[in-house]
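Here is what each chain is made of, one letter per residue.
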Amino acid sequence: MNTDIRALQLLERDLDAVAARERDRLASVERALGDGGPGGPRRLPRRGRGGGGGRNWAGVAAAVVAMLVLAGGIGFLTQGTSPLRRVASDEAQTAGGDGGGAGAEMATPAPAPEEEAAREGGDDEQAFGNALQAPSVSDVSAESWATRDAAGTGPGVGAVPAQQGDLTKIVRDGRIGIVIADGSFSKGVSRVTVIARRNGGFVLSSSSRDERTGTLTLRIPAKRFDDTMLALRGLAGELDGRVDSQNITGEDVTAEFVDLGARLDILKQRRSLLRTLQNDATTSAEILRLSGLIENTQLEIENIQGRLNFLKDQVAEATIQVEVRERHAPGEEAGTDPENPSLTDSFELGVQGFLRVIGAIVVGLGYLIPVAVVAGAVYGVIRLVRRRDRVAS
Amino acid sequence: MAEELTDSELLIASRAEPEAFTELYRRHAEDLLRYFARRTLDPETAAELTAETFAEAFASRANYRDRQGVNGVAWLYGIARHRLGRFFRAGRVDAAARRKLGMPERELPPEDYERIEDLIDFAPIREALVEALDTLSDDQREAMRLRVIDGLDYAEVAQRLRCTQQNARQRVSRGLRKIALLLQERGMQLTTEVEA
């Protein structure tokens, strides 16, 4: 450079050094990408716009794709929704739906709820749902199932702390889909009604279409819930059919129960206090004000009592929804035939698959990002140390 | 062959061939130093701003787009103007771009003070300087008067002030910087020179 200013000469040297380092870095990136093309870094090409950055972008894109694939793999592994696993669960379900298998189950008086949940077939969603609900259901020991009904109709909840088993309140809901042989629909419906009656329950509502498919809603005493579900499964075998889907949910309402009971006690105490005050009141204004308060309190008491009664009812009686369908019944069910999927089904399957992949990637990134942060920090420290060494030398 | 390329082509080539950037530096370094010197009136600051501007230009060379009306040198001076504005606001030059690239922050060599001052044309600002001198400390004002108004060289300035030459240089340098900041604050244009 034609300058006698020393600072500019020094700066040129510094920039040269920086450029040389940068060239080494670019060369190592190219090597890493396996792009040992001819020419090498000595070339001084007239590249078009973005030409130099192109390779960098390709590298970054490749790294991102690799990262996403890795994340997706990890996500699938951790979620356990790999295709293999789904096929396995389908097979388990079909086996459970067989007549022989169901008959054997019927002989068992009261299977533990989590076993039942584990045996559940159905699609992924249901299996997933059951897995989530299993803990709340399995909280209940066999013993508490036996005594639970008494608790449901027993005295105030907070009043008897000694009987721990009585405190557990679970609302159970079941849903079962049965596919039976053609022409046996009405027989199936009447068998379901008989099963409900035999277990001390009744058919709350029912609907049917073309006398080939229909839905029945059963109300069954809570302690007969498992037996009823087993009997319904058995029915499938009896009518030369299979269990298409089954789903059991358990909602623990113990906390709400205790809470409502406590509030009820307080409100009752308040009501009697107000009544005492009203009796002692002398002026008409006071009497009026107190009676207004008593009225409000009474209203609240009734509200809570109503909700408590509803919950007691729900706990005492479980709801089971039974879908009965003949094997070759027409209607929307026909579309789900896996051999011959419709366009909308295929689209939905595609969307589901897409969402599942995205979900898996998100889960996987959750695992990867902390690792990447640590790796980045280590890399940064190494670079810093190296740079310091270089500056020092 | 780099010599044949335009500034824009050099900038684009420097993405893949970092050495091409040095050619750009060789072309414009002295002009840019003069640009800064005439605006800051301070050799130290001008040299630092020059280094920082080229460092930043190198670091962000991938951002340069060969748009119509923005040739390579205009882009470079865009960065320079930005740097200068930051200096006038903060009153100091930061070294972020140099640190990022691992470049050393160098002190200005003693012999450069005069050489860079020679790039500054003091004539148009002499009057404004006299007024601004009042704001300086006695030491700085005296050094400035001897150097800028009387036009003595640093050996003589140092002799008059009974200090070392380096000390005299620094007093003038700091005083000039202060004046430049002050004049900028008052919105006075220091130079009549047209940007490259």
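Here we summarise the structure given alongside this text. Keep in mind that what you see is a predicted model, and the values were worked out from it rather than measured. (Residues numbered from 1 in each chain as written. Chains lettered and ligands numbered in written order. Predicted model: local features only at pLDDT ≥ 70, side-chain atom pairs only at ≥ 80, totals over all residues. Heavy atoms only, no water.)

1. Notes on the overall build of chain A
Next up, step 1: Helix and strand counts for chain A come out as twelve helices and five strands.
Next up, step 2: Sorting the 393 residues of chain A into buried and exposed places 34% on the buried side.
Next up, step 3: For chain A, the share of sequence-separated contacts (at least 6 apart) that also reach a separation of at least 24 residues comes to 78%.
Next up, step 4: Working note: accessible area of chain A is about 22800 Å², and carbon and sulfur atoms make up 58% of it. (Helix = DSSP H or I, 4+ residues; strand = E, 2+ residues; numbered from the N terminus. Buried < 20%, exposed > 50% of the residue type's maximum accessible area, 1.4 Å probe, protein only. Contact = heavy atoms within 4.5 Å. Areas by Shrake-Rupley, 256 points an atom, 1.4 Å probe, with all protein chains shown as cover.)

2. Considerations on the overall build of chain B
Next up, step 1: Per the secondary structure count, chain B includes ten helices and zero strands.
Next up, step 2: Reading chain B from its N terminus to its C terminus gives the helix and strand order α-α-α-α-α-α-α-α-α-α.
Next up, step 3: Split into buried and exposed, the 196 residues of chain B put 56% on the buried side.
Next up, step 4: Put simply, 65% of the contacts in chain B that link residues at least 6 apart link residues at least 24 apart.

3. Quick look at the packing of aromatic side chains
Residues and elements named next belong to chain B.
Next up, step 1: Per the counting criterion, the structure on display carries seven aromatic pairs over all chains.
Next up, step 2: Pairing Y25 with F54 gives two aromatic rings, centres 4.7 Å apart and planes at 75 degrees, and the pair type is edge-to-face. Of the two residues, Y25 sits in helix α2 (residues 20-40) while F54 sits in helix α3 (residues 43-59), which places them 29 residues apart along the sequence. Across the pair, exposure class does not vary: Y25 and F54 are buried alike.
Next up, step 3: Ring geometry for Y64 versus W75: centroids 5.4 Å apart, planes at 65 degrees, classification edge-to-face. Placement of Y64 in the loop between α3 and α4 (72-90) and of W75 in helix α4 is noted, with a sequence separation of eleven residues between them.
Next up, step 4: In this structure Y64 comes out as buried when scored by relative accessible area, which is 0%.
Next up, step 5: A cation over a ring is seen here: R61 above F58, with NZ or CZ 4.3 Å from the ring centre. (Phe/Tyr/Trp six-rings, centres within 6.5 Å; stacked < 30°, edge-to-face > 60°. Lys NZ or Arg CZ within 6 Å of the ring centre and 35° of its normal.)

4. Focus on helix α8 (residues 138-149) of chain B
Next up, step 1: In a regular helix each residue adds 1.5 Å, so twelve residues correspond to 16 Å; α8 of chain B covers 15 Å between its end C-alpha atoms and thus fits that length.
Next up, step 2: Positive phi shows up at G151 of chain B, right after α8 of chain B, with a value of about 75 degrees. (Expected span 1.5 Å × (residues − 1).)

5. Remarks on the pattern of salt bridges
Next up, step 1: Tallying each qualifying case throughout the model produces 34 salt bridges over all chains.
Next up, step 2: Across the pair E22 of chain A and R25 of chain A runs a salt bridge, and its minimum N-O distance is 3.2 Å. With E22 of chain A and R25 of chain A both in helix α1 (residues 6-32), this residue pair falls three residues apart, about one helical turn.
Next up, step 3: Looking at R25 of chain A, the relative accessible area reads 39%, which means it is partly exposed.
Next up, step 4: Where D31 of chain B meets R34 of chain B, a salt bridge forms, and the shortest distance between an N and an O atom there is 3.1 Å. Highlighted residues: D31 of chain B and R34 of chain B, both in helix α2, separated by three residues, approximately one helical turn.
Next up, step 5: Given the relative accessible area of 30%, D31 of chain B is considered partly exposed.
Next up, step 6: A residue is classified by how much of its surface remains accessible, and R34 of chain B, at 23% relative accessible area, is partly exposed. (Salt bridge = Lys/Arg side-chain N within 4 Å of Asp/Glu carboxyl O.)

6. Side note on the sheet that holds strand β3 (residues 213-221) of chain A
All names here are of chain A.
Next up, step 1: If you walk across this open sheet you meet the five strands as β2-β3-β5-β1-β4, and the pairing is mixed. Single-partner strands in this sheet number two, and they are β2 (202-209) and β4 (242-252). Across the sheet, the axes of successive neighbouring strands diverge by a mean angle of 10 degrees, strand direction being ignored.
Next up, step 2: When strand β1 (residues 170-180) meets β4, the two strands line up antiparallel, connected through ten bridges. Bridge pairing in β4 links R172 to G250.
Next up, step 3: Its contacts with the sheet put helix α8 (residues 185-198) on β1, β2, β3 and β5 (317-326), and the angle it makes with β3 is roughly 10 degrees.
Next up, step 4: Docked against the sheet, helix α11 (residues 284-316) engages β1, β3 and β5, running at close to 55 degrees with respect to β5. (Pairing = 2+ DSSP bridges. Axes fitted to C-alpha atoms, helices over the stretch in contact; angles between N-to-C directions.)

7. As for the pairing of β2 of chain A
Residue and element names in this part refer to chain A.
Next up, step 1: Examined bridge by bridge, β2 and β3 share seven bridges and lie antiparallel to one another. Counted as the bridge partner of S208 is G214 from β3.
Next up, step 2: Hairpin connection from β2 to β3: three residues lie between these consecutive antiparallel strands, with D210 at a positive phi of about 60 degrees.

8. What about the nonpolar core?
As a rule of thumb, nonpolar side chains are buried together in soluble globular proteins.
Next up, step 1: Within the largest apolar cluster, 70 residues are counted, with the highest numbers of intra-cluster contacts made by F21, L33, F36, F54, I116, M144 and I179 of chain B.
Next up, step 2: Setting aside chain neighbours within four positions, we find I116 of chain B in contact with I5 of chain A together with L33, A37, P43, A47 and L108 of chain B.
Next up, step 3: In this structure, I180, M229, A231 and V243 of chain A belong to the second largest nonpolar core, which totals 23 residues. (Core = buried A, V, L, I, M, F, W, Y, C linked by side-chain atoms within 4.5 Å.)

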